[in-house]
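# Examining the three-dimensional arrangement
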Amino acid sequence: MLEGAPVRGARHLPCAIFRRMADVVVYATPFCFYCLRAKQLLIKKGVAFREIDVGRGEARDHLAEATGSHRVPQIFINGLLVGGYYELASMERDGELDALLSPD
């Protein structure tokens, strides 16, 4: 919260912010270097995301069925498969990521 900002109504602020953000889902495993790098990139940009651990159980098989690959990370933005860390970093470098993350 900003210094000196009014407190009244502040509890509604996070909901308003999240409604305008893209839906980002990162399928990852706990000890994957590129998963960590992808999450760090998103955090640095201030992007909220859901992380789904596909290190155990049937989750990885479901991911493979949906994407055709067992590789992680697999990153979805608004339901669109972006790819892995390299694709995410490339989009950031080329200035394409912000447009994909924008609410419009």
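To be clear, the structure that these remarks concern was listed above.
My aim in this report is to walk through the structure given alongside it, one point at a time. Keep in mind that what you see is a predicted model, and the values were worked out from it rather than measured.

### Some remarks on the pattern of salt bridges
- Counted under the stated rule, the structure contains four salt bridges.
- With a shortest N-O distance of 2.9 Å, K39 and E51 are connected by a salt bridge. Remark: E51 occurs in strand β2 (residues 50-53) and K39 occurs in helix α2 (residues 33-44); sequence separation between them is 12 residues.
- For K39, a relative accessible area of 14% gives the class buried.
- On the basis of relative accessible area, E51 is assigned to the partly exposed category, the value being 41%.

### Brief notes about the sheet that holds strand β4 (residues 80-83)
- Taken together, the four strands give an open sheet; going across it, the order is β2-β1-β3-β4, and neighbouring strands pair in mixed fashion. Each edge of the open sheet is held by one strand with a lone partner, namely β2 and β4. With direction set aside, neighbouring strand axes in the sheet form an average angle of 25 degrees.
- In the sheet, strand β1 (residues 24-28) pairs with strand β3 (residues 74-77) via four bridges, with the strands oriented antiparallel. When the sheet's bridge partners are listed, V25 is paired in β3 with F76.
- Against the sheet, α2 touches β1, β2 and β3, its axis set at about 160 degrees to β1.
- Against the sheet, helix α3 (residues 59-67) engages β1, β2, β3 and β4, with an angle of about 60 degrees to β3.

### Some words on the nonpolar core
- Membership of the largest hydrophobic core comes to 22 residues, with the highest contact counts inside it found for V24, I75, I77, L88, L97 and L101.
- Secondary-structure elements contributing two or more residues to this core are β1, α2, β3, α4 (85-93) and α5 (97-101).
- Leave out the neighbours within four places in its chain, and I75 touches V24, V25, V26, A38, L80, L81, V82, G83, G84, Y85 and L88.

### Describing α4
- Every buried residue of α4 is accounted for by Y85, L88, A89 and M91. The arc that holds every buried residue of α4, seen down its axis, measures 160 degrees, which confines them to one face. Facing away from the buried side of α4 by more than 90 degrees, the exposed set consists of Y86 and R93.
- At its buried positions, α4 is contacted by α2, β3, β4 and α5.
- Looking one or two residues beyond α4, the residue adopting positive phi is G95, at roughly 80 degrees.

### Structural notes on α3
- For α3, every residue scored as buried is listed here: L63, A64 and T67. For α3, the buried positions fall inside an angular range of 100 degrees around the axis, keeping them on one side. Opposite the buried face of α3, by more than 90 degrees, sit the exposed residues E65 and A66.
- Tucked inside the fold, the buried residues of α3 contact β1, β3 and β4.
- Downstream of α3 by one or two residues, G68 has phi in the positive range, about 80 degrees.

The rules behind the values
Residues numbered from 1 in each chain as written. Predicted model: local features only at pLDDT ≥ 70, side-chain atom pairs only at ≥ 80, totals over all residues. Heavy atoms only, no water. Salt bridge = Lys/Arg side-chain N within 4 Å of Asp/Glu carboxyl O. Helix = DSSP H or I, 4+ residues; strand = E, 2+ residues; numbered from the N terminus. Buried < 20%, exposed > 50% of the residue type's maximum accessible area, 1.4 Å probe, protein only. Pairing = 2+ DSSP bridges. Axes fitted to C-alpha atoms, helices over the stretch in contact; angles between N-to-C directions. Contact = heavy atoms within 4.5 Å. Core = buried A, V, L, I, M, F, W, Y, C linked by side-chain atoms within 4.5 Å. Arc of directions from axis to C-beta.

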